[in-house]
Amino acid sequence: MSGDASDTIDTSAEPSVVADTHNHTGEGPIYHPDEHAVYWLDIPNGDLFRYDLASQDHERVLDDDGMVGGFTIQDDGDLLLFCDEGRIQPWNPERGLGDPVVESIDGHADFRFNDVIADPRGRVYAGTIHQTEPVENPGELYRVDTDGSLTTLETEMAIPNGMGFAPDRSQFYFTETVGGHIYRYDYDQATGEITDRAVFVDTDAVEGNPDGMTVDAEGHVWAAFWDGNRVARYDPSGEEVARVEFPAKKISCVTFGSADYDTAFVTTALGPGEGEAGTREDEGDGAGALFAVDLGVGGMPEFRSRIED
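Quick look at the structure, then. (Residues numbered from 1 in each chain as written. Predicted model: local features only at pLDDT ≥ 70, side-chain atom pairs only at ≥ 80, totals over all residues. Heavy atoms only, no water.)

Side note on the pattern of salt bridges
Applying the stated criterion across every chain, the model contains 19 salt bridges. A salt bridge links R95 to D78, with the shortest nitrogen-to-oxygen separation between them at 3.1 Å. Of the two residues, R95 sits in the loop between β8 (88–92) and β9 (96–97) while D78 sits in the loop between β6 (68–73) and β7 (79–83), which places them 17 residues apart along the sequence. Its salt-bridge partner being R233, residue D216 comes within 2.8 Å of it at the nearest N-O pair. Pair noted here: D216 is in the loop between β18 (209–215) and β19 (221–226) and R233 is in strand β20 (residues 230–234), with a separation of 17 residues, a long-range link. The same class applies to D216 and to R233, which are both buried. One salt-bridge network, in which partners are shared between bridges, spans D119, R123, R143, D145 and E193. (Salt bridge = Lys/Arg side-chain N within 4 Å of Asp/Glu carboxyl O. Helix = DSSP H or I, 4+ residues; strand = E, 2+ residues; numbered from the N terminus. Buried < 20%, exposed > 50% of the residue type's maximum accessible area, 1.4 Å probe, protein only.)

Here it is, written out as structure tokens:
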């Protein structure tokens, strides 16, 4: 697409439910091009789901004993799960769970990983969140290097959330939900360092809180809004230029998928948080389902992780 992006985006398409899973907290969708399928999580239940785009069937493929907060696709096609207590563990549909590459993080018995993303070199950026009292016990943002070592990048983050990279790989975006900010950093691909944090979007004046996010092929940020009924598009200056509304209230994350990366897949939640799930009477039609929608712009493949112990 060309021209002024705000003029060329057609957001008139209606979101449709493609997997009616009634997730408590649907999160972290990623399109797996090797399988032509979308994977996503129901975090509190430790469930991993898979939607096959060819057959349009979905299934639960993993029921973990703990919580799974996020995952990446490894170079070999396996998934790398980021779980409670700082556990990082591979999973394969045929072999199941493999040996953890990270057993735990000291002092994180009551924490779990939340959103994660791989970078172009195979590192992973991962946030941690307290399982019951995130505001009183804020988490961190880590970088997991390819040898499994962890570097703390940010502290005092109540709910570290969605992340993304600019198409030219010069900048890194990171969401902190409770503060209502999407931050932008300078990103050094060679070292993995992120520096010069600045507020990209301040959402204090809008409804809902920013949650998961992705960056489209034109370098614009799409943010999902928890309790905001929408995904919103922000241009590189941080101005909102488009939005798509959903019948569900708790919109948790958005990713691009399909063979041409021209369909957006959006997770939602019944909520209300880490406790007992809500109802659709309260949370809106399709709450807890996986939606698909044409956002009028395409996305890019996710980078793959290369984490080894």
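Thoughts on the layout of surface pockets
By volume, the largest pocket amounts to about 410 Å³. Lining the largest pocket are 30 residues, with I117, M163, G164, T214 and E302 positioned closest to its centre. Only β2 (26–32), β6, β10 (111–118), β14 (160–165), β18 and β22 (250–257) provide two or more residues apiece to the lining of the largest pocket. Ranked by residues supplied to the lining of the largest pocket, first place goes to β6 with five residues. (1 Å grid on protein atoms, 1.4 Å probe; cavity = no way out; pocket = protein on both sides within 12 Å on 5 of 7 lines; lining within 4 Å. Points joined across faces, edges and corners; volume = space filled by probe spheres on them.)

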